[in-house]
Amino acid sequence: MPRLIVAGVLVYAQKGLMLMKCKACGAPIEAGEEKCPYCGTLTDYGEEKFKERELQKKEDERKKMLENLPAMKFVAGAFIPVLYIVTMGLYSVYWYAMRIKPLNSLGTKTKLPAWLVGIFALLYAYAVIVPSYDLTVYGISEEIAEEVYNWVIGCMIVASGWLAYITRKILQEHAAKFMDRTQAVNTIAPSNMLLFLFGAAYLQSQVNRMIKMNLFSPKI
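Since this is a predicted model, take the numbers as computed values, not measurements.

Conventions adopted
- Residues numbered from 1 in each chain as written.
- Predicted model: local features only at pLDDT ≥ 70, side-chain atom pairs only at ≥ 80, totals over all residues.
- Heavy atoms only, no water.
- Helix = DSSP H or I, 4+ residues; strand = E, 2+ residues; numbered from the N terminus.
- Phe/Tyr/Trp six-rings, centres within 6.5 Å; stacked < 30°, edge-to-face > 60°.
- Buried < 20%, exposed > 50% of the residue type's maximum accessible area, 1.4 Å probe, protein only.
- Salt bridge = Lys/Arg side-chain N within 4 Å of Asp/Glu carboxyl O.
- Core = buried A, V, L, I, M, F, W, Y, C linked by side-chain atoms within 4.5 Å.
- pLDDT = per-residue confidence, 0-100.
- Contact = heavy atoms within 4.5 Å.
- Patch = residues over 30% accessible without salt bridge, like charges linked within 9 Å, V, L, I, M, F, W, Y side chains within 5 Å.
- Areas by Shrake-Rupley, 256 points an atom, 1.4 Å probe, with all protein chains shown as cover.
- Axes fitted to C-alpha atoms, helices over the stretch in contact; angles between N-to-C directions.
- Parallel < 35°, antiparallel > 145°, perpendicular 65-115°, else oblique.
- Nonpolar A, V, L, I, M, F, W, Y, C, P; charged D, E, K, R; others polar.

### With respect to unusual backbone geometry
Move 1: Here the phi dihedral of Ala189 falls at roughly 45°; this positive angle occurs in a residue that is not glycine.
Move 2: For Ala189, the position within the fold is in the loop between helix 8 (181–187) and helix 9 (192–198).
Move 3: Located in the positive-phi region is Asn214, a residue other than glycine, with phi close to 65°.

### A closer look at the packing of aromatic side chains
Move 1: In this structure the tally under the stated criterion is four aromatic pairs.
Move 2: Seen in terms of ring centroids, Tyr91 and Tyr94 are 6.2 Å apart; in terms of plane orientation they differ by 35°. Their pairing is tilted. Residue Tyr91 and its partner Tyr94 are located together in helix 4 (residues 90–98), separated by three residues, close to a single helical turn.
Move 3: Exposure remark for Tyr91: the relative accessible area of 7% places this residue in the buried category.
Move 4: Ring geometry for Trp95 against Tyr96: centres 5.2 Å apart, planes inclined by 90°, an arrangement best described as edge-to-face. Comparing Trp95 with Tyr96, the two get one shared label, buried.
Move 5: Three or more aromatic residues joined by ring pairs form one cluster here, namely Trp95, Tyr96 and Phe120.

### Things to note about the pattern of salt bridges
Move 1: Under the defined criterion, the tally for this structure stands at four salt bridges.
Move 2: For the salt bridge of Glu47 with Lys23, the shortest nitrogen-to-oxygen distance reads 2.7 Å. Of this pair, Glu47 sits in helix 2 (residues 44–67) while Lys23 is found in the loop between strand 1 (19–21) and strand 2 (28–30), placing the two residues 24 residues apart along the sequence.
Move 3: A relative accessible area of 31% places Glu47 in the partly exposed class.
Move 4: Each of the salt bridges in this network shares a partner with another, and the network as a whole consists of Lys23, Asp44 and Glu47.

### Some thoughts on the nonpolar core
Move 1: Counting residues in each nonpolar core, the largest one holds 41 residues, and the members touching the most others are Tyr96, Leu112, Leu171 and Phe216.
Move 2: Of the residues forming this core, the biggest block, nine residues, is contributed by helix 7 (residues 142–175).

### Focus: the confidence of the model for the protein
Move 1: With 85% of its residues at a pLDDT of at least 70, the protein reaches an overall mean of 83.
Move 2: Counting contacts from residues 6–17, a segment whose pLDDT is below 50, to residues more than four positions away or on other chains yields zero contacts.

### Looking at a nonpolar patch on the surface
Move 1: A cluster of nonpolar side chains, namely Ile157, Met193, Leu194, Phe196, Leu197 and Phe198, defines an oily patch on the protein surface of about 640 Å² accessible area.
Move 2: Here the nonpolar patch gets five residues from one element, more than from any other, and that element is helix 9.

### Quick word on the side chain of Gln206
Move 1: Tracing the backbone shows Gln206 in helix 10 (residues 200–212).
Move 2: Those residues in contact with Gln206 that sit more than four places away from it in its chain are Thr187, Ile188, Ala189 and Pro190.

### Examining the packing of helix 4 against helix 10
Move 1: Two elements in contact, helix 4 and helix 10, have axes whose closest approach is 9 Å; the angle formed by their N-to-C orientations is 50°. One finds that helix 4 runs oblique with respect to helix 10. Side by side, helix 4 and helix 10 meet where Tyr91, Ser92, Trp95 and Tyr96 of the first sit next to Ala200, Leu203, Gln204 and Val207 of the second.
Move 2: Considered class by class, the residues forming the contact of helix 4 with helix 10 number six nonpolar, two polar and no charged.

Written out as structure tokens, the structure is:
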């Protein structure tokens, strides 16, 4: 008989320990319940489970985005200066021309204008080809030819800087899909000086970085 009494007490005590009160209405709730069955208020356990589900949902969304990453060309960092030297800067024109479609397919608000890339290519062609010709044969004085050439070089620098700025903005907008906007701006191509001085080379280094950060998949 005493054993039955002790067992009953233990069961009652255990059941009491498994009960908690709703913080809203004060009704008794069994441990492990996520909501109060009377008023629907989340219990402490329910709030924890809700947070866990929200974190898991965000992680699942992130993994889904990573699975559908757009592809961008990876170029070894040490190889970029060689390309510039061998092509006498033509790689810069080629870089923008070959990335119009990939960049504009990212779904960002900012787009890389093909017409600007075209103007940049024409200015580069003029700067490289025209000096090899004697324009005096066509009645153009050396002074005028030099003035036009300097004007073309100036416009080419402006076009190059403009393209670099637009491209950086596109990359940052894409990165902002995976991180805070401020973090994206401070992480992707943050240096204005490097952007202006090295343009496409600097941007390609940032693309390489974004590939390593799982913001792009490498294009083979």
